[in-house]
Amino acid sequence: MTGWQILAFLSGLAGLCSNIAATVSNEWRATSRASSVITATWVLQGLWNNCAGNAIGALHCRPHHTILQLEGYLQACRGLMIASICSGLLGSVSALVGMKCTKVGGSDKNKARIACFAGVNFILSGVCSLSACSLYAHRITTEFFDPMFMSQKYELGAALFIGWAGAILCILGGSIFCFSVTDSFSRNHSQANYIYTGAASHSHITAYTRGQTKSVNERPVADNSNSSRMQHFDRNVYV
């Protein structure tokens, strides 16, 4: 199971890096470049900045100046991505402690519990990232296919796909960690049953041996009494 835990740790770490890259990216949604042939400009929007680029490669970005005027879905996506990163970091640290190939964490039972905690954090990180990206993508597609929406329409940006990939990697790594822990607990339970059965059989054998020893020790006593009676009888005969 050590190899599976290493694979799970690498998967969760890659998912965490993908979530960080998606969070800081400015390309959560973008205008279609095919529709901007005449002006040769396009607009990119992220969780933190609004950017505008042109065909010669110039890119100008400005941050969102206020939080209170932001739309609710954008604030929700920010919170979910921050929660995803925090859970992924906690899961990575816990995974390093709970893995069997490391020397910290105490006994195997304690390391199994820590590894399970790391798996739960990775899964939570993936769920938060998946929820944020799906919520943002739902808003983009709703506005794009709405015939009554007259403002600028956008398409899905690259950051959304990076976030979805990171979410899948985190959930996969967390699931592998949780399944590896179930194997450790079942192994400890079987060892405990073996020790109990061995102790019971040993006590039974000890009791049986003591009974045989007691019966053997009682027999010579009876023989000694018979021999003493025979000697006493022989002496009376001669008298």
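Counting restarts for each chain: residues are numbered from 1 in the order of the written sequence. Selection of residues for local features in this predicted model requires a pLDDT of at least 70, selection of side-chain atom pairs for listing and counting requires 80 or more, and totals for whole chains, interfaces and linings are taken over all residues. No hydrogens and no water enter the side-chain calculation; it runs on all heavy atoms of the structure.

Student: I'm lost on the state of the cysteines in this one. Help?
Tutor: Put plainly, two cysteines are in a disulfide when a covalent bond ties their sulfur atoms together. The rule for a disulfide is simple: a pair of cysteine sulfur atoms within 2.5 Å. This structure, assessed with the given rule, holds one disulfide. One disulfide in the model links C51 with C61; its S-S distance is 2.0 Å. Its S-S torsion of about 110 degrees marks the bond between C51 and C61 as right-handed, since a negative value means left-handed. Of this pair, C51 sits in strand 3 (residues 49–54) while C61 sits in strand 4 (residues 59–63), placing them ten residues apart in sequence. Only protein chains enter the accessibility calculation, which uses a 1.4 Å probe; a residue is then buried when its area is under 20% of its type maximum, exposed when over 50%, and partly exposed in between. According to the relative accessible area criterion, C61 is partly exposed, its value standing at 39%. Sulfur of C86: no disulfide; nearest cysteine sulfur belongs to C128 and is 9.7 Å away. Left without a disulfide partner, C116 is nearest to the cysteine sulfur of C178, which lies 4.8 Å away. The way it works is that DSSP assigns letters per residue, a run of H or I at least four long becomes a helix, a run of E at least two long becomes a strand, and they are numbered from the N terminus.

Student: Mind showing me how you'd approach the pairing of strand 2 (residues 41–45) here?
Tutor: In this scheme, strands are said to pair when DSSP sees at least two bridges between them. Bridging between strand 1 (residues 29–30) and strand 2 involves two bridges; their strand directions are antiparallel. Bridge pairing links R29 to Q45 in strand 2. With five bridges connecting them, strand 2 and strand 3 associate as antiparallel partners. Pairing of W42 across the sheet is with G53, part of strand 3. Between strand 2 and strand 3, which follow one another and run antiparallel, lie three residues.

Student: Would you mind showing me how to read the layout of surface pockets here?
Tutor: Cavities and pockets are found on a 1 Å grid laid over the protein atoms alone: a cavity is a set of points where a 1.4 Å probe fits but cannot escape, a pocket is an open set with protein on both sides within 12 Å along at least five of seven lines, and a lining residue has an atom within 4 Å of such a point. Grid points are joined across faces, edges and corners, and a volume is the space filled by probe spheres set on the points. In this structure, the largest pocket occupies an estimated 150 Å³ of space. In terms of lining, the largest pocket is formed by R29, Q45, G46, N50, H64, Q69, L70, E71, Y73, L74 and Y136. Three classes are used: nonpolar for Ala, Val, Leu, Ile, Met, Phe, Trp, Tyr, Cys and Pro, charged for Asp, Glu, Lys and Arg, and polar for all others, with Gly counted as polar. Residues belonging to the lining of the largest pocket are distributed by class as follows: four nonpolar, five polar and two charged.

Student: Explanation requested: the environment of F179 in the structure shown.
Tutor: Tracing the backbone through its elements, the reader meets F179 in helix 4 (residues 158–238). Measuring from C-alpha to C-alpha, the distance between F179 and A115 comes to 10.0 Å, with 64 residues separating the pair along the chain.

Student: Mind showing me how you'd approach the packing of helix 1 (residues 2–24) against helix 2 (residues 72–98) here?
Tutor: How two helices sit against one another is set out by the angle between their axes and by the gap between those axes. Axis angles are defined between N-to-C directions and span 0 to 180 degrees, where every axis is a line fitted to C-alpha atoms and, for a helix, only to the segment in contact. It is the contact of helix 1 with helix 2, at a shortest axis distance of 10 Å, that shows an interaxial angle of 155 degrees. If you check the angle between helix 1 and helix 2, you find them roughly antiparallel. The hand of the helix 1/helix 2 crossing is left-handed. Contact residues: Q5, F9, L13, L16, N19, I20, A22 and T23 in helix 1; M81, S84, I85, G88, L89, S92, A95, L96 and G98 in helix 2. To sort the angles, those under 35 degrees are grouped as roughly parallel, those over 145 as roughly antiparallel, those from 65 to 115 as roughly perpendicular, and the leftovers as oblique. It is the rotation of the near helix from the far one that decides the hand of a crossing: anticlockwise by less than a right angle makes it left-handed, clockwise makes it right-handed. Whether two residues touch is decided by their heavy atoms; if any such pair falls within 4.5 Å, the residues are in contact.

Student: Where do I start with the nonpolar core in this structure?
Tutor: The tendency in soluble globular proteins is for nonpolar side chains to be buried side by side. Residues belong to a common nonpolar core when they are buried Ala, Val, Leu, Ile, Met, Phe, Trp, Tyr or Cys residues joined through side-chain atoms within 4.5 Å. Within the largest apolar cluster, 15 residues are counted, with the highest numbers of intra-cluster contacts made by W28, L47, L74, C77, M81, Y136 and L160. Tallying contributions element by element places helix 3 (residues 108–144) first for this core, with five residues. Once you skip the residues sitting within four places of it in the chain, L47 turns out to touch T23, S25, W28, H64, L74, C77, R78, M81 and Y136. In terms of nonpolar packing, the next biggest core, distinct from the first, is built from eleven residues, A112, A115, F177 and V181 among them.

Student: Looking at this structure, how should I read the sheet that holds strand 1?
Tutor: Within a sheet, adjacent strands bond to each other through the backbone by hydrogen bonds, running parallel or antiparallel. Taken in spatial order, the five strands line up as 4-3-2-1-5 in an open sheet, and their pairing is antiparallel. Each of the sheet's edge strands pairs with one partner strand only, and the pair in question is strand 4 and strand 5 (155–156). Where strand 3 meets strand 4, five bridges bridge the pair, whose relative direction is antiparallel. Residue N49 lies in a different strand from strand 4, and its bridge partner there is P63.

Student: Which parts of the structure should I look at to understand the side chain of S18?
Tutor: Of note, S18 is situated in helix 1. Leaving out residues up to four positions away in the same chain, S18 has contacts with I162 and G166.

Student: I tried to follow the pattern of salt bridges on my own but got confused; where do I start?
Tutor: Two side chains of opposite charge can pair, provided their charged atoms sit close to one another. Definition used for salt bridges: Asp or Glu carboxyl oxygen within 4 Å of a side-chain nitrogen of Lys or Arg. Evaluation of the coordinates by the stated rule reveals three salt bridges. A salt bridge links E71 to R139, with the nearest nitrogen and oxygen atoms 2.8 Å apart. Of this pair, E71 sits in the loop between strand 4 and helix 2 while R139 sits in helix 3, placing them 68 residues apart in sequence. On the basis of relative accessible area, E71 is assigned to the partly exposed category, the value being 40%. Ionic pairing is found between E143 and R139, a salt bridge with its closest N-O pair at 2.9 Å. Within this pair, E143 and its partner R139 are both found in helix 3, separated by four residues, close to a single helical turn. E143 gets classed as buried once you look at its relative accessible area, which sits at 12%. Each of R29, E71, R139 and E143 takes part in one network of salt bridges that share partners.

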